[in-house]
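Letter by letter, the chains look like this.
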Amino acid sequence: MDLALPANDDIVARSQAGDAAAFRELYRTHRPHVARLVQRILGPDSEVEDVIQEAFLQVHRSLPSFQGSSLLSTWIHRVAVNVALQHIRRRRRQRSGPVVMTPDPPEPTTGDVAPEEDVLWRDRMRKLYAALDGLSPKKRAVFVLHEIEGLSAEEIAKVMRAPLITVRTRLFYARKALYAALAADPAFREFLPGGDR
């Protein structure tokens, strides 16, 4: 994921001044990246679209305080991650049992997929997100940002405003917990350290 989206200072300044057209442009520019990020952090959740909208409401409310000390895209991603984490925490408090997911996990990122591969991929995604539900929200976010979004530990530290050592520690423990949860499943054996290659 490229955090260095071009930031038009004029659009930011106009948005901060309350220009609705400028904020719509900012929304159009950043929505695809935020939507992908939220979808990947939450997994198959019926409220993904609500969380995306809440993230942009928070961006709109907080934009006047944006100082430009980080890239606008990094700042927006930070807001989106925080809103997604709040949603996960709220979801866990409201449900005492396992999380009820929507039937479909995120779509495959490749184009044409054979039907049997699609079924296997969706099954893996359901199992992966079930295992992710066992992680703390912050470990889950770090794992998704690194392993799925492809961000470096340094980029994650900026997005989450966390020390680099904290990010690396969370990533280590997230991987360890996920590998343990998925190790017995043949569908994941080839993807895990020490698995079939």
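You'll find the structure just up there.
Residues numbered from 1 in each chain as written. Predicted model: local features only at pLDDT ≥ 70, side-chain atom pairs only at ≥ 80, totals over all residues. Heavy atoms only, no water.

(A) Broad picture of the nonpolar core. Among the nonpolar cores identified, the biggest contains 53 residues, and Val-81 and Met-160 are the most heavily contacted of them. Elements supplying a minimum of two residues to this core: helix H1 (9–16), helix H2 (20–42), helix H3 (48–62), helix H4 (72–94), helix H5 (115–132), helix H6 (137–148), helix H7 (153–160) and helix H8 (164–182). It is H4 that contributes the most residues to this core, ten residues altogether. Excluding anything up to four places from it in sequence, Val-81 contacts Leu-37, Ile-41, Ala-141, Leu-145, Val-159 and Met-160. (Core = buried A, V, L, I, M, F, W, Y, C linked by side-chain atoms within 4.5 Å. Buried < 20%, exposed > 50% of the residue type's maximum accessible area, 1.4 Å probe, protein only. Helix = DSSP H or I, 4+ residues; strand = E, 2+ residues; numbered from the N terminus. Contact = heavy atoms within 4.5 Å.)

(B) Spatial organisation of a positive patch on the surface. A grouping of Arg-89, Arg-90, Arg-93 and Lys-138 is seen on the molecular surface, where their side chains present a positively charged patch. With three residues, H4 is the single largest residue contributor to the positive patch. Within the secondary structure, Arg-90 is located in helix H4. With relative accessibility at 37%, the residue Arg-90 sits in the partly exposed group. (Patch = residues over 30% accessible without salt bridge, like charges linked within 9 Å, V, L, I, M, F, W, Y side chains within 5 Å. Areas by Shrake-Rupley, 256 points an atom, 1.4 Å probe, with all protein chains shown as cover. Salt bridge = Lys/Arg side-chain N within 4 Å of Asp/Glu carboxyl O. Lys, Arg positive; Asp, Glu negative; His and termini not counted. Charge placed at Lys NZ, Arg CZ, Asp CG, Glu CD.)

So yeah, pure geometry; function would need other evidence.
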